[in-house]
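# Descriptive analysis of the structure
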Amino acid sequence: MFFSHFKSLSGKARHQGLLTHDREGRFTTEMGKWLPQRSSAPLAMPLASVLVTICLLLWMVQNAITTRKSYSLVGGKGKRMTLTPLSPLAKAIAWGYLAFLLLLSIVIPYFSIISTSLIKLRGFGLSAGNFTLSHYAELFSETENDALSAIGNSLFLGIASATLCAILGTLIVLTVRKHKKSGKILEAQSLLPEMLPGIVLVIGIMLFWNDIYSLLPLYNTMVILVITYAILFLPYTVQYVTSAFTQMSESLTEAGRVFGGSSCYIFRHITLPLILKGVCAGWMMTFIISVRELVAPSLIAPPNTLVISTYIMREFEQGSVSLGMSMAVLCVAITVSALMILKRRMRL
């Protein structure tokens, strides 16, 4: 999953204008050169097919390795947690490693974002008297309310796509578990969106729905965005639910059948409660990624429709960096709040 996602990052970076120099050719950057022109777009398809083939081969190797042995962590037997004490040196190394990760992944980037959102004039930097909250006030005082509209659209797309992915992902994993051999084909198909660069997949969706517009006029509507998000992020839910299923012992469902439980009863009272945390984790991951997604709304969003990511990019292009960073901080606050609420609900 990490490899499949990583190989598309340079394509996203080029689309977002982050790669200004690309002397070394990559699959995604080469496709990025051909995709903007419809006449040359078919030239990108062979490269996309090569990427899919590589990822499918790696997925098959991973399946061959992981299916040799399985360890059920949730079963009918009792268990006891045992803590392993660490030596002082091991504790120092562990805390040092944790502090290093937090510094690189949280402290430095979020300090940059928050400080930039508070700066009055960028030329004076982090000097005394150069901080203000006016950028946050401006988000809610715009005459056209573009910021509030962007937040509302992002929340709608995040909730709708995450819910759709949770339902589809759970059904897919249930089918794969029931038909283990033939279900592998369905599992591979559900992971295909993660094997393609997002820009390739979105352009393919855009061309498809545009061609059938006379039959099903969903193009240039919010519905097409929900469908696109669900296609893009379905692999995350499938992987989270699959992980939850892998930890569950089959003896639990077998015991339910022995005592006369129907398939529906076993799912509602045994399977679903045990995999619910995995489903919620997949829902939350899809929601977080959907809220900050940029490629899909940039290409396929209806006219004059903004989401958080496109609003931030618009402010950057207009030179209002601090206003864009304020929206980024607000986006982080929304996702963190949603994560805390969901985790609290899962504990109840």
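Residues numbered from 1 in each chain as written. Predicted model: local features only at pLDDT ≥ 70, side-chain atom pairs only at ≥ 80, totals over all residues. Heavy atoms only, no water.

## Comments concerning the overall build of the protein
A count of helical and extended segments in the protein gives 15 helices and zero strands. Here the protein holds 348 residues, and the buried ones make up 39% of them. Taking all contacts inside the protein whose residues are at least 6 apart in sequence as the whole, residues at least 24 apart take part in 71%. (Helix = DSSP H or I, 4+ residues; strand = E, 2+ residues; numbered from the N terminus. Buried < 20%, exposed > 50% of the residue type's maximum accessible area, 1.4 Å probe, protein only. Contact = heavy atoms within 4.5 Å.)

## Brief notes about the nonpolar core
Judged by nonpolar contacts, the single largest core of 46 residues is most densely connected at Phe233 and Ile300. Only α4 (44–66), α7 (146–178), α8 (183–195), α9 (198–211), α10 (222–247), α12 (263–291) and α13 (295–300) provide two or more residues apiece to this core. Top element by residues in this core is α10. It accounts for 13 residues. Every residue in contact with Ile300, bar those within four places of it in the chain, is listed here: Val202, Ile205, Met206, Tyr219, Ile224, Leu225 and Thr228. Counting residues in hydrophobic clusters, the runner-up holds 18 residues, among them Ile308, Met327, Ala328 and Cys331. (Core = buried A, V, L, I, M, F, W, Y, C linked by side-chain atoms within 4.5 Å.)

## Some points on the packing of aromatic side chains
Note on aromatic pairs: each is described by the distance of the centres and the angle between the planes. Applying the stated rule across the entire model yields four aromatic pairs. When the centroid spacing of 6.5 Å and the interplanar angle of 45° are considered together, the rings of Phe233 and Tyr236 count as tilted. With Phe233 and Tyr236 both in helix α10 and three residues apart, this pair spans about one turn of that helix. Of the two residues, Phe233 and Tyr236, neither departs from the other in class, the shared state being buried. With centroids separated by 5.4 Å and ring planes inclined at 5°, the aromatic side chains of Trp283 and Phe287 adopt a geometry described as stacked. One end of the pair is Trp283 and the other is Phe287, both in helix α12 and four residues apart, which spans about a single turn. A residue is classified by how much of its surface remains accessible, and Trp283, at 22% relative accessible area, is partly exposed. Judged by relative accessible area, which is 3%, Phe287 ranks as buried. (Phe/Tyr/Trp six-rings, centres within 6.5 Å; stacked < 30°, edge-to-face > 60°.)

## Digging into the side chain of Thr170
Among the secondary structure elements, Thr170 is positioned in helix α7. Here Thr170 falls in the buried class, since its relative accessible area comes to 9%. For Thr170, the contacting residues outside a window of four places in its chain are Val241, Ile275 and Val279.

## As for the side chain of Thr237
Along the chain, Thr237 falls in helix α10. One polar contact links Thr237 to Thr286, side chain to side chain, over a distance of 3.2 Å. The residues contacting Thr237, other than those within four sequence positions of it, are Cys165, Ala166, Gly169, Gly282 and Thr286. (Polar contact = N/O pair within 3.5 Å; in protein donor to acceptor, adjacent residues only side chain to side chain.)

## Quick word on the packing of α9 against α10
Axis separation between α9 and α10 bottoms out at 11 Å; the angle between their running directions is 140°. The orientation of α9 relative to α10 falls into the category oblique. Here the hand of the crossing between α9 and α10 comes out right-handed. Note on element contacts: α10 touches α9 through Ile224, Ile227, Thr228, Ile231 and Leu232, opposite Gly198, Leu201, Val202, Ile205 and Trp209. Residues belonging to the contact of α9 with α10 are distributed by class as follows: eight nonpolar, two polar and no charged. (Axes fitted to C-alpha atoms, helices over the stretch in contact; angles between N-to-C directions. Parallel < 35°, antiparallel > 145°, perpendicular 65-115°, else oblique. Left-handed = near helix turned anticlockwise from the far one by under 90°. Nonpolar A, V, L, I, M, F, W, Y, C, P; charged D, E, K, R; others polar.)

## Quick look at unusual backbone geometry
For residues other than glycine, phi is negative in most cases, and the peptide bonds are mostly trans. Here Asn220, not a glycine, exhibits a phi torsion of approximately 70°, which is positive. Tracing the backbone shows Asn220 in the loop between α9 and α10. Even without a glycine there, the phi angle at Asn304 is positive, about 60°. Mapped onto the elements, Asn304 comes out in the loop between α13 and α14 (308–317).

## Points about α12
With 29 residues, α12 ought to run about 42 Å at 1.5 Å a step, yet its terminal C-alpha atoms sit only 36 Å apart, falling short of that. Its maximal kink placed at Leu272, α12 deviates by approximately 55°, while the proline Pro273 follows within four residues. (Expected span 1.5 Å × (residues − 1). Bend = angle between axes of the 7 residues up to and from the residue.)

## Some points on the pattern of salt bridges
Here the structure, examined in full by the defined rule, presents two salt bridges. For Glu315, the salt bridge is made with Arg314, and the minimal N-O distance between the two is 3.0 Å. (Salt bridge = Lys/Arg side-chain N within 4 Å of Asp/Glu carboxyl O.)

## Description of the environment of Tyr236
Judged by its relative accessible area of 13%, Tyr236 is buried. The sequence separation of Tyr236 and Ser190 amounts to 46 residues, and the corresponding C-alpha distance is 9.7 Å.

## Details of the environment of Thr253
Along the polypeptide, Thr253 turns up in helix α11 (residues 250–258). The exposure class assigned to Thr253 is buried, which follows from its relative accessible area of 11%. Spatially, the C-alpha atom of Thr253 lies 8.4 Å from that of Phe267, the residues being 14 residues apart in sequence. Not counting residues within four places of it along the chain, the set of residues in contact with Thr253 comprises Met248, Ile266, Ile270 and Thr271.

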